[in-house]
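# Structural description and commentary
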Amino acid sequence: MNYVITNRLNLRVLVKAFLKRPSTVEYLYPTKFLNSNNVLGKLSKFLDIKLSRVRMGKQRDLSNTLLFKRTLDQSTKEIFESRKYIYENSKYELLNIVNDMTLNQKIWRKKQVKNLIALYAELRDRQLRTDENDENVYLVEGELNIFTKFKKLSRISSYLSIETVRLLILIIYSVLGLANKRRTILTKQKITTKNLVLACEEQPNPLDKLFNRNQITLSKNICSNDDFIVLDLSKRLLYSKEKSYPVPPKKIYDFLDFILGYLPRQARMHRKISYNINLIDFLRFLRTCYFVWTLAEEVKPTKYIINYYSVESSALIFLSRAYHIPIYIYQASLQFMLVPTLHSPYASTMSFTKKNEEAYLFESKKIKGSIIDSIRIKYPYNAQPSIERVANLKEQIQKDYRLAIAFFDEKFYKERPSECIQSYLYEDLKNQLKQLLICVNNNPEVILIFKSKYANFSIFELFKRDKELSGLYQDKQVIDLVAKGNHNTRNIFSPAEVGQIADICIGSSWGGTACYEAASMGCRAVLLRRDLSIYQDLYSDNVLHDSLDSILSKLEELSFDRSRLLESDLGKYNINEINSL
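Let us look at the structure shown here. The residue numbering used here restarts from 1 in each chain and proceeds along that chain's sequence as written. A pLDDT threshold of at least 70 governs which residues receive local features in this predicted model, and a stricter bar of 80 or more applies before side-chain atom pairs are shown or counted, although totals over entire chains, interfaces and linings include all residues. In computing side-chain properties, one takes all heavy atoms of the structure into account and sets aside hydrogens as well as water.

### Some remarks on unusual backbone geometry
Residues Arg 21 and Pro 22 are joined by a peptide bond in cis, for which omega reads -5 degrees. Each helix corresponds to a stretch of at least 4 residues labelled H or I by DSSP, and each strand to a stretch of at least 2 residues labelled E; elements are numbered beginning at the N terminus. Tracing the sequence through the fold places Pro 22 in the loop between α1 (11-19) and β2 (23-27). Here the phi dihedral of Arg 236 falls at roughly 50 degrees; this positive angle occurs in a residue that is not glycine. If you trace the backbone, Arg 236 turns up in the loop between β6 (228-232) and β7 (237-239). Per-residue accessibility, obtained with a 1.4 Å probe over protein chains only, is compared with the maximum for each type, and a residue is labelled buried under 20%, exposed over 50%, and partly exposed between these values. Residue Arg 236 is classed as partly exposed on the basis of its relative accessible area of 33%. Unlike most non-glycine residues, Asp 531 shows phi in positive territory, near 60 degrees. Checked against the element boundaries, Asp 531 lands in the loop between β17 (524-528) and β18 (544-545).

### Quick look at the packing of aromatic side chains
Only Phe, Tyr and Trp rings are paired, with Trp represented by its six-membered ring, and only when their centres lie within 6.5 Å; those with planes under 30 degrees apart are stacked, over 60 edge-to-face, the remainder tilted. Scanning the model with the defined rule gives 25 aromatic pairs in all. Relative to Phe 291, the ring of Tyr 290 lies with its centre 5.1 Å away and its plane at 65 degrees, an arrangement referred to as edge-to-face. In this structure Tyr 290 comes out as buried when scored by relative accessible area, which is 11%. Exposure remark for Phe 291: the relative accessible area of 22% places this residue in the partly exposed category. Here the aromatic rings of Phe 463 and Tyr 473 are separated by 5.3 Å at their centres, their planes lie at 40 degrees, and the arrangement is tilted. Of this pair, Phe 463 sits in helix α15 (residues 459-465) while Tyr 473 sits in the loop between α16 (467-472) and β15 (478-480), and the two are 10 residues apart along the sequence. Using a relative accessible area of 3% as the deciding quantity, one classes Phe 463 as buried. The class for Tyr 473 is partly exposed, based on a relative accessible area of 26%.

### Some remarks on the packing of helix α9 (residues 252-260) against helix α10 (residues 279-296)
Interaxial angles span 0 to 180 degrees and are taken between N-to-C directions of axes, which are lines fitted to C-alpha atoms, for helices over the stretch in contact. Two numbers describe how α9 lies on α10: the axes approach to 11 Å, and their chain directions differ by 110 degrees. Classified by the angle between their axes, α9 and α10 sit roughly perpendicular to one another. Judged by residue contacts, Ile 252, Asp 254, Phe 255, Phe 258 and Ile 259 of α9 engage Leu 286, Cys 289, Tyr 290 and Trp 293 from α10. Split into classes, the residues belonging to the contact of α9 with α10 amount to eight nonpolar, no polar and one charged. Should an angle fall under 35 degrees it is taken as roughly parallel, and over 145 as roughly antiparallel, whereas 65 to 115 is taken as roughly perpendicular and any remaining angle as oblique. A contact between two residues is defined here by any heavy atoms of the two lying within 4.5 Å. Three residue categories are used. Nonpolar comprises Ala, Val, Leu, Ile, Met, Phe, Trp, Tyr, Cys and Pro, charged comprises Asp, Glu, Lys and Arg, and polar comprises the others, including Gly.

Printed below as a string of structure tokens:
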């Protein structure tokens, strides 16, 4: 038997498998079109080859390491090496930052797919290799695209993208210059503040909604109660704790005049650098940068603060270089795999754990010219405790039920091609939900409290879409705390609020901040092992568990009883140990 490993079925793969018969094709991406009308089964029978879709990211190598983790590690290392080359050979800070956007948002993902398939092929080869058999593994790699496959073409594509943008700006600038003889001199007094924070949460309106996820509470915690101004790009607005500052748009001519100073003056000045710059990404960056610049020009801060490397934050990183204002990326989770979107050579770090700070600075020190600085902060809560709001609900739950179990779902991935490499898919979440629903159905005095991560994929929404889950659902024993916001799709209910209601909460060790927040409110917390965070090895056995079965079995031993739970050590999560790291 021969094995052909690939990312998706296509003619080239099928011909290879046909020539190597008897063979099995193991592929990564689902083939929805071929599955219709049993086409896949008929094709397999006709060609006399076995076709098998494998969720490769969930597989483990011979040392029991997730292939998804190895893929992330390898792909991240390659991106950091590509970035290092650019930052040490290019003097154009604007191009360096745009290059990072393409690396982080496109090439990194494609590298993950390529590396995962190669690692899986290597694993299958080792599993099948014996002295007696004659089985062989053939890797049919999917192309990243014509430009990334051939370095010379990639350099030409990036060169043309840069030149197109440069010439386009020059043309527009010259045309607008006919009506604008010189740049407008801004004489308006700027708003002074210690911190300008790029918004990632809601502006609470009115302020009595601070118990939901909101940018005011988050900024207050990040800035350790120092004064701050929030830059909310979605609303084109600046605001503080006390007031809002609407900002009128500025002249595009002035922006182009500003940008031209950071572009190469001639084509020959950048042609030898192997950038990874996409024309559409560059134009999108400039559009976003214009709106960020319009707002940022109104403020005179001591530092900028962002939460990760996005299009909006890349614009602020560029402005930090132009205005000589330091910029910081703050730590927002216990996920801890320092991926490219959580780091920039031009930014420093604000960390609430020593591990994050050390890892961030370790990567920065590898790149000549990086900013080496750090600030230690407390955990960045994004909502105020709401004890009064939950008091009545908690009282009713404790009266009617012997135990309240909260479940924090993590982001699950569907069958889209870009998400198939993941190690946690919808089928995994569904199996966990089935276990929980069966458990409460067998124990009428237990109630489940769900706090979905995303409002558009709340647990109740999943129940509606899935007949099997809907059949297990009993409305008297399930609460879904979910509220939609206007800034993004996140559920704006705070895990800290759930921690005031539930007796014990269940979450994932990847990220793990939902259980951290609940535990900080006095709730017991247990984590499901995901093997993607270095923090998980610090949790005790009474907190970290290999499976949901293990957790439910422990609760069953305690008769699903609140008093017995409190007498045990199950879920005693010491957040102070994490804070001290």
